[in-house]
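Tertiary structure, described
Residues per chain are reported as follows:
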Amino acid sequence: LQMSTKSSHDSLKRLVQLRLLMPDHSLVARSFVEFIEHAAPFVFPASPGPVAGGVPTVSSAPPLTEVFTAAEGELAFVWPDAEGSMRGAGIEPLHRSVPSIARTSPEFHADMAVIDALRLQQPRIRREARRVLRERFLDGDG
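Throughout what follows, the structure given in this document is the object of discussion. (Residues numbered from 1 in each chain as written. Predicted model: local features only at pLDDT ≥ 70, side-chain atom pairs only at ≥ 80, totals over all residues. Heavy atoms only, no water.)

1. As for the overall build of the protein chain
- The helix and strand inventory of the protein chain stands at five helices and three strands.
- The order of α-helices and β-strands along the protein chain, N terminus first, is α-α-β-β-β-α-α-α.
- By the compact-globule yardstick of 14 Å for 142 residues, the protein chain fits well, its C-alpha radius of gyration being 15 Å.
- Taking the principal axes of the C-alpha coordinates as reference, the protein chain spans close to 50 × 35 × 25 Å.
- Every one of the 142 residues in the protein chain was classed for burial, and the buried ones make up 39%.
- A separation threshold of at least 6 residues defines the contact pool for the protein chain, and within that pool the share at least 24 residues apart is 62%.
- For the protein chain, the accessible area works out to roughly 8,400 Å², and carbon and sulfur atoms hold 55% of it.
- For the protein chain, the distance from the average position of its 16 positive side-chain charges to the average position of its 17 negative side-chain charges is 6 Å. (Helix = DSSP H or I, 4+ residues; strand = E, 2+ residues; numbered from the N terminus. Rg over C-alpha atoms; globule rule 2.2 N^0.38 Å. Buried < 20%, exposed > 50% of the residue type's maximum accessible area, 1.4 Å probe, protein only. Contact = heavy atoms within 4.5 Å. Areas by Shrake-Rupley, 256 points an atom, 1.4 Å probe, with all protein chains shown as cover. Lys, Arg positive; Asp, Glu negative; His and termini not counted. Charge placed at Lys NZ, Arg CZ, Asp CG, Glu CD.)

2. Regarding the nonpolar core
- In terms of nonpolar packing, the biggest core is built from 28 residues, with Val58, Leu64 and Phe77 touching the most fellow members.
- At the level of secondary structure, the elements contributing two or more residues to this core comprise α2 (29-43), β2 (77-80), α3 (98-104), α4 (106-119) and α5 (123-138).
- Leu64 has contacts with Val58, Ser59, Ala113, Val114, Ala117, Glu128, Ala129 and Val132, leaving out every residue within four places of it along the chain. (Core = buried A, V, L, I, M, F, W, Y, C linked by side-chain atoms within 4.5 Å.)

3. Side note on a nonpolar patch on the surface
- Taken together, the side chains of Phe35, Phe42, Val43, Phe44 and Leu94 present a nonpolar region at the surface, about 480 Å² in accessible area.
- In this structure, Phe44 sits in the loop between α2 and β1 (51-56). (Patch = residues over 30% accessible without salt bridge, like charges linked within 9 Å, V, L, I, M, F, W, Y side chains within 5 Å. Salt bridge = Lys/Arg side-chain N within 4 Å of Asp/Glu carboxyl O.)

4. Focus on the pairing of β2
- In this sheet, β2 lies alongside β1 in antiparallel orientation, the contact comprising three bridges. Its bridge partner being in β2, Val55 is matched across the sheet by Trp79.
- The pairing of β2 with strand β3 (residues 86-90) spans two bridges and is classified as parallel. Note that in β3 the partner of Val78 across the bridge is Gly90. (Pairing = 2+ DSSP bridges.)

Here you go:
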């Protein structure tokens, strides 16, 4: 994640304390999904910023591109990044390393795009993001 070893260790320790990870660092999926669904919009709010070049996110990135097709004139969402492939409304990523990791890891990219969709104050996008999050982490049984 392009973080220091100490930061990674401290983060894992905190996630165990929050009961989002087990002591063996396996994910407590139901707790994770509940936390992300309900806390992300309040703890990590996002709003579209100025148009920039960047890496697609929210409804401009898979898996949400399967639900939202770009309408003529509709602005894409991106994490501003000099090496990005698209222009759109900039969304500040949760961490500065997100765009570069997303370029090399499609699964990470998809998960972060869904989380970003939950951070926005757009009900239709958030509703679909909740559905996709549950499918990805709870195998659709959530």
